[in-house]
Amino acid sequence: MLDKHNLIIQTEQFVYEILKNESSGHDWWHIQRVRKIALIIGEKEQGDLFIIEMAALLHDIADEKLNESEEIGINKVKYWLQHLELDQEISFHILEIIQSMSFKGGNRPPVKTTEGQVVQDADRLDAIGAIGIARTFAYAGSKGDLIYDPELPYRKELTKQEYRNGKSTAINHFYEKLLKLSGTLNTETARKIAKERHVFMERFLEQFYNEWNGQL
């Protein structure tokens, strides 16, 4: 019989060792937040909580932002699932979720399963609100991007390549991604949570521009 608890503990340690010192906003604590909210949403949506938890734990191990290529990242997850000797169908489901959930400029087909929708929603919720704002500036700093440059307009239409490699700023990232996310969520539970976080970001931007323009 599958010892799910032990597999979760092993995977926790595997992910923690890789991401514990990651400073781009994709660290262990991001994983923990995504995992917690995914399990809350997953219970409401009656998804498979083991698959949801495993995918939430592993989703950034495969992220191409943290690897030399998307293929290398996915292979890390594949090798780990093989190491755990998981059933092939379960492994395939986890990999499918991870490969389909990323934003990548908004150029992605919808995820296919309840479990995939839940994990994607949880990850996107952690990209908005107060935590999302903090992560945006951490990520911009890790890439060498400026906080803001009024002479560099945000990009309205982005290919995956432009989204990953084009020149941007932390503030532009709100318009290129963060403010779009609440409209891409799959579950009603996530949409309810997102409303307050979305408004918080709008208020932050209003305050930011007031201070930037020297309004007292």
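Up top is the structure.
Since the structure is predicted, the reported quantities are computational estimates derived from the model, not experimental observations.

A few words now on the pattern of salt bridges. In total, this model carries 10 salt bridges according to the counting rule given. Glutamate 17 is paired through a salt bridge with lysine 20; the nearest N and O atoms lie 3.1 Å apart. Two residues, glutamate 176 and arginine 155, come together in a salt bridge whose shortest N-O distance is 2.9 Å. With glutamate 176 in helix α9 (residues 170-181) and arginine 155 in the loop between α7 (129-143) and α8 (160-165), this pair connects stretches of sequence that are 21 residues apart. Taken as a pair, glutamate 176 and arginine 155 share a single burial class, namely buried. Here the residues in one salt-bridge network are Glu12, Arg35 and Glu53, joined through shared partners.

Among the nonpolar cores identified, the biggest contains 50 residues, and Met54, Leu58 and Ile94 are the most heavily contacted of them. Where this core is concerned, the elements lending two or more residues are α1 (4-19), α2 (28-45), α3 (49-58), α4 (70-84), α5 (88-100), α6 (114-125), α9 and α10 (188-212). The dominant element in this core, judged by the number of residues it contributes, is α3, at 8 residues. If sequence neighbours within four positions are ignored, leucine 58 has contacts with Thr11, Phe14, Val15, Val77, Trp80, Leu81, Ile94 and Ile98.

Here the structure, examined in full by the defined rule, presents 12 aromatic pairs. Ring geometry for phenylalanine 204 and phenylalanine 208: centres 6.2 Å apart, planes at 35°, overall tilted. Placement of both phenylalanine 204 and phenylalanine 208 in helix α10 is noted, with a separation of 4 residues, approximately one turn of the helix. The class for phenylalanine 204 is partly exposed, based on a relative accessible area of 25%. Seen from their ring centres, phenylalanine 208 and tyrosine 209 are 5.8 Å apart, and the 80° between their planes marks the pair as edge-to-face. You can call phenylalanine 208 buried: its relative accessible area is 14%.

Mapping asparagine 210 onto the fold places it in helix α10. When its relative accessible area of 26% is taken as the criterion, asparagine 210 is described as partly exposed. Placed 55 residues apart in sequence, asparagine 210 and arginine 155 show a C-alpha to C-alpha distance of 22 Å.

The rules behind each value
- Residues numbered from 1 in each chain as written.
- Predicted model: local features only at pLDDT ≥ 70, side-chain atom pairs only at ≥ 80, totals over all residues.
- Heavy atoms only, no water.
- Salt bridge = Lys/Arg side-chain N within 4 Å of Asp/Glu carboxyl O.
- Helix = DSSP H or I, 4+ residues; strand = E, 2+ residues; numbered from the N terminus.
- Buried < 20%, exposed > 50% of the residue type's maximum accessible area, 1.4 Å probe, protein only.
- Core = buried A, V, L, I, M, F, W, Y, C linked by side-chain atoms within 4.5 Å.
- Contact = heavy atoms within 4.5 Å.
- Phe/Tyr/Trp six-rings, centres within 6.5 Å; stacked < 30°, edge-to-face > 60°.

Any functional reading would require information that these geometric values do not contain.
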